Amino acid sequence: MGANYKEELVGVFGHPVAENPTVVMQAAAFEFLHLNWRYLTIEVFPEDLEAAMNGLRALNMRGVNLTIPHKVEVLKYLDEVSPAAALMGAVNTVVRKGDRLIGENTDGKGFLRALTQDAQMDPRGKKVVVLGAGGAARAITVELALAGAERITIVNRSAERGRILTELLNSKTSASATYEPWEGTYSVPAETDILINATSIGLPPNADDKPNVATDSIRPSMLVCDVIPAPTTPFLSEAKARGSAVLDGLGMLVYQGAIGFSIWTGEEAPVEVMHQALSRALR
Ligand code: NDP
């Protein structure tokens, strides 16, 4: 066999993007499986997204992740979008198949995999309370609804965003969704099965912050989850002290990357290797 010095290229387009740690886990996975692939962290300004997507084609890149501010805008430049990503109206992963660009959203799927595999929780028939109504909340609630969650309560500071997401879930999925204004301290209904912080509260540099939820309304019967990509957060520590099972956002981040890895390479992702690499980088 002749030499092959060619690398298969994937990466992320974002702005700002310098602190995006995804390369660490993807590179670890490529190395572990001896794949001659490279993940590039690329600064793409908002006005250059179309040129960047054409560049992806020209360079024969295998695919790309999209992060802030491109997840919605990128839909214009795709040939096909998965049903779930179309529902969310946002794409975080693109794969090139021949000359076609196909969009997927792995954020909610990553959460779902962490939920079912790590927390052993089947969302079917469950009552879920979600704090937040931004991109992460949208991806998570759409996947939970598609996976059979029965009731989804959206608690959000801005009423408009909260109502838009509630309306989307009610009109496009079989889940029954309601919007709760977030005024002062939120008290979690006792019958809640899954409570999720899907806001950016607790994200560094404000890692000590926690969502304003009545501590004594959190019960041992609830699974409490956080999207903040860290091994724990003050919100989760408090829930743990109340006797609840908890699920951190690091697993979600690893699984969404693992799903992307498999979409691009066709290989099963070495999840443990990716998890270790990312934990080390975020420490
Ligand atoms: P968005 O900006 O789209 O949404 C932010 C949400 O947080 C909104 O609902 C906003 O409410 C709410 N929020 C922010 N600050 C406050 C506050 N002080 N009080 C009350 N509500 C607040 O962000 P994303 O949804 O894209 O991201 C949210 C978090 O999810 C980030 O921390 C991100 O790191 C994390 N994430 C984690 C992933 C993972 O794999 N672990 C994947 C994707 C995201 P309002 O509408 O009122 O402004």
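Enquirer: Help me out: how do you make sense of the domain arrangement of the chain in this one?
Expert: How big an interface is tends to be stated in terms of accessible area lost as the parts join. Split into domains, the chain comes out as domain 1 (8–105 + 252–282) and domain 2 (108–247). A straight line from the C-alpha centre of domain 1 to that of domain 2 covers 25 Å. If you look at the interface, domain 1 gives 12 residues, while domain 2 gives 19 residues. Between domain 1 and domain 2, a total of about 1,400 Å² is buried, with carbon and sulfur atoms accounting for 70% of that surface.

Enquirer: Any chance you could explain the packing of aromatic side chains here in plain terms?
Expert: Two measures describe an aromatic ring pair: the distance that separates the ring centres and the angle between the ring planes. Scanning the model with the defined rule gives 3 aromatic pairs in all. Between the aromatic rings of Phe 30 and Trp 37, the centroid separation amounts to 5.8 Å while the plane-to-plane angle is 35°, which identifies the pairing as tilted. Residue Phe 30 shares its accessibility class with Trp 37, and that shared class is buried. One aromatic cluster in this structure is built from Phe 30, Trp 37 and Phe 261.

Enquirer: Looking at this model, I keep getting lost on the side chain of Glu 143. Mind explaining?
Expert: Structurally, Glu 143 can be placed in helix α5 (residues 135–146). If we ignore the near neighbours within four places in the chain, the residues touching Glu 143 are Ala 84, Met 88, Asn 105, Gly 108, Lys 109 and Leu 112.

Enquirer: Is there a simple way to explain the site of the ligand in this structure?
Expert: In the vicinity of the ligand lie 21 residues, with Ala 133, Ala 136, Asn 156, Arg 157 and Ser 158 positioned nearest. Arg 161 has a polar side-chain atom sitting 2.9 Å from an oxygen atom of the ligand. Gly 249 is positioned with one of its backbone polar atoms (N or O) 2.9 Å from a nitrogen atom of the ligand. Computed on the free molecule, the ligand has an accessible area of 930 Å², of which 76% lies beneath the protein chains in the complex. Secondary structure elements with two or more residues in the shell around the ligand: α5 and α8 (249–265). Among the residues making up the shell around the ligand, the classes are represented as 10 nonpolar, 8 polar and 3 charged.

Enquirer: Honestly, the pairing of strand β1 (residues 8–14) in this entry has me stumped. Any pointers?
Expert: Two faces belong to every sheet, and in a regular strand the side chains alternate between them. In terms of burial, β1 is largely enclosed, as 6 of its 7 residues are buried. After leaving β1, the chain enters helix α1 (residues 22–32) and then returns to the sheet as strand β2 (residues 37–43), a path that is right-handed.

Enquirer: Honestly, the packing of helix α4 (residues 107–118) against α5 in this entry has me stumped. Any pointers?
Expert: Pairs of packed helices are described in terms of their axes, by the angle between the two and the distance that separates them. Where α4 contacts α5, the two axes come as close as 7 Å, and the packing angle between them is 60°. When the axes of α4 and α5 are compared, the pair comes out oblique. Along this stretch, α4 crosses α5, giving a crossing that reads as right-handed. Residues Asp 107, Gly 108, Lys 109, Phe 111, Leu 112 and Leu 115 of α4 pack against Ala 139, Ile 140, Glu 143 and Leu 144 of α5. Of the residues that constitute the contact of α4 with α5, the class distribution is 6 nonpolar, 1 polar and 3 charged.

Enquirer: Honestly, α4 in this entry has me stumped. Any pointers?
Expert: Because each turn of an α-helix spans 3.6 residues, side chains separated by three or four positions end up pointing in the same direction. Across its 12 residues, α4 extends 16 Å between first and last C-alpha, which sits within 8% of the 16 Å expected from 1.5 Å per residue. Listing the buried residues of α4 in full gives Asp 107, Gly 108, Gly 110, Phe 111, Leu 112, Ala 114 and Leu 115. Residue Gln 120 follows α4 closely and has a positive phi angle near 55°.

Enquirer: Explain the sheet that holds strand β12 (residues 245–247) to me, please; I cannot follow it from the model alone.
Expert: Picture the strands of a sheet paired through backbone hydrogen bonds; they go either parallel or antiparallel. Within the open sheet, the 6 strands sit side by side as β9-β8-β7-β10-β11-β12. Their pairing is parallel. The sheet is open, and its two edges are formed by β9 (176–181) and β12, each paired on a single side. In this sheet, adjacent strand axes meet at a mean angle of 20° when their direction is disregarded. Of the pairings in the sheet, the one linking strand β11 (residues 223–226) to β12 comprises 3 bridges and is parallel in character. Among the inter-strand pairings, Val 224 is bridged to a residue of β12, identified as Val 246.

Enquirer: How should I be thinking about unusual backbone geometry in this particular structure?
Expert: Comment: phi is negative for the bulk of residues other than glycine, and the bulk of peptide bonds are trans. Cis geometry marks the peptide bond from His 15 to Pro 16, where omega comes out at 0°. Secondary-structure assignment places Pro 16 in the loop between β1 and α1. Residue Ile 68 is joined to Pro 69 through a cis peptide bond whose omega torsion reads 0°. Within the secondary structure layout, Pro 69 lies in the loop between β3 (63–66) and β4 (80–81). A positive phi is found at Asn 60, a non-glycine position, where the angle reads about 55°. Structurally, Asn 60 is set in the loop between α2 (49–58) and β3. Judged by relative accessible area, which is 46%, Asn 60 ranks as partly exposed. Positive phi outside glycine occurs at Gln 120, with the angle close to 55°. Its place among the elements puts Gln 120 in the loop between α4 and β7 (127–131).

Thresholds applied
Residues numbered from 1 in each chain as written. Predicted model: local features only at pLDDT ≥ 70, side-chain atom pairs only at ≥ 80, totals over all residues. Heavy atoms only, no water. Domains from an automatic or database assignment. Contact = heavy atoms within 4.5 Å. Buried area = accessible area lost by both parts, 1.4 Å probe. Phe/Tyr/Trp six-rings, centres within 6.5 Å; stacked < 30°, edge-to-face > 60°. Buried < 20%, exposed > 50% of the residue type's maximum accessible area, 1.4 Å probe, protein only. Helix = DSSP H or I, 4+ residues; strand = E, 2+ residues; numbered from the N terminus. Near = heavy atom within 4 Å. Polar contact = N/O pair within 3.5 Å; in protein donor to acceptor, adjacent residues only side chain to side chain. Areas by Shrake-Rupley, 256 points an atom, 1.4 Å probe, with all protein chains shown as cover. Nonpolar A, V, L, I, M, F, W, Y, C, P; charged D, E, K, R; others polar. Right-handed = clockwise from strand over helix to strand, strands pointing away. Axes fitted to C-alpha atoms, helices over the stretch in contact; angles between N-to-C directions. Parallel < 35°, antiparallel > 145°, perpendicular 65-115°, else oblique. Left-handed = near helix turned anticlockwise from the far one by under 90°. Expected span 1.5 Å × (residues − 1). Pairing = 2+ DSSP bridges.

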